[in-house]
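The residues making up each chain are set out below.
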Amino acid sequence: MRRAIIVHSSGNWPSNEIVSTVTLAFQERHRRRFRLIDDQNDPFLLDLAHATLLNDGDGLALEGGGFICVQAAAEPVADALCDSIEQAARVAWHIGNRHVPVQVLDGGVLRIQDDHVLVDMLRGLGVQVSRHIAPFAPESGAYHHHEH
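The numbers attached to residues start from 1 for each chain and follow its sequence in the written order. Only residues with pLDDT of at least 70 are given local features in this predicted model, and only at 80 or more are side-chain atom pairs given and counted; all residues enter the totals for whole chains, interfaces and linings. Here the side-chain values reflect all heavy atoms present in the structure, with hydrogen atoms and water set aside.

Our next topic: helix 2 (residues 116–124). For every residue, the accessible area obtained with a 1.4 Å probe (protein chains only) is divided by the maximum for its type, and the residue is called buried under 20%, exposed over 50%, and partly exposed between those limits. Only DSSP runs of H or I reaching four residues or more are called helices, and only runs of E reaching two or more are called strands; each is numbered from the N terminus. What helix 2 keeps buried is the set L118, V119, M121 and L122. For helix 2, the buried positions fall inside an angular range of 160° around the axis, keeping them on one side. Exposed residues on helix 2 whose side chains face more than 90 degrees from its buried face are H116, V117 and G124. We call two residues contacting when some pair of their heavy atoms lies within 4.5 Å. Turning to helix 2, the residues buried within the fold contact strand 7 (74–81), helix 1 (85–97), strand 9 (110–113) and strand 10 (128–135). One or two residues past the end of helix 2 sits G126, with phi positive at roughly 85°. The arc in question is the one spanned by the directions pointing from the helix axis to the C-beta atoms.

The structure is reproduced here in structure tokens:
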């Protein structure tokens, strides 16, 4: 079985050496050692030294050569459209206070995984919420270093 042994961050690996892709939802992208199935339905073993958050565009280096490109799967999300930077800061504080991952999009739109309780909270804060299906790639955090 193929073994993916090193993660290279997006843009820091030779994309001309892609042999496959793997599409994973956010909850499936924090792994250390796990049997996965790529998008061509071929199995491989993710076998890393440490648990790592795999981000969209990362390259998984295969033992013996080649890379599997990680792609963020489309999944249920909720986007919060704020009327001002002050409202966006307030909403971000409330999301962070609940220890919920958040993705900051262009224009200050805040994306979370769709959760009816959090959507109700956002609406209660006066925010327009759009629920749909899209990739979710939240902020990694201030103490996360993407060194693989």
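Take the packing of aromatic side chains next. The criterion for an aromatic pair is that two Phe, Tyr or Trp rings (for Trp, the six-membered ring) have centres within 6.5 Å, with stacked assigned to planes under 30 degrees apart, edge-to-face to planes over 60 apart and tilted to the rest. A full pass over the atoms with the stated rule returns two aromatic pairs. Ring geometry for F26 and F136: centres 5.3 Å apart, planes at 85°, overall edge-to-face. Taken as a pair, F26 in the loop between strand 2 (18–24) and strand 3 (30–37) and F136 in the segment after strand 10 lie far apart in primary sequence, 110 residues in all. In this structure F136 comes out as buried when scored by relative accessible area, which is 0%.

By themselves, these observations are geometric and do not establish any function.
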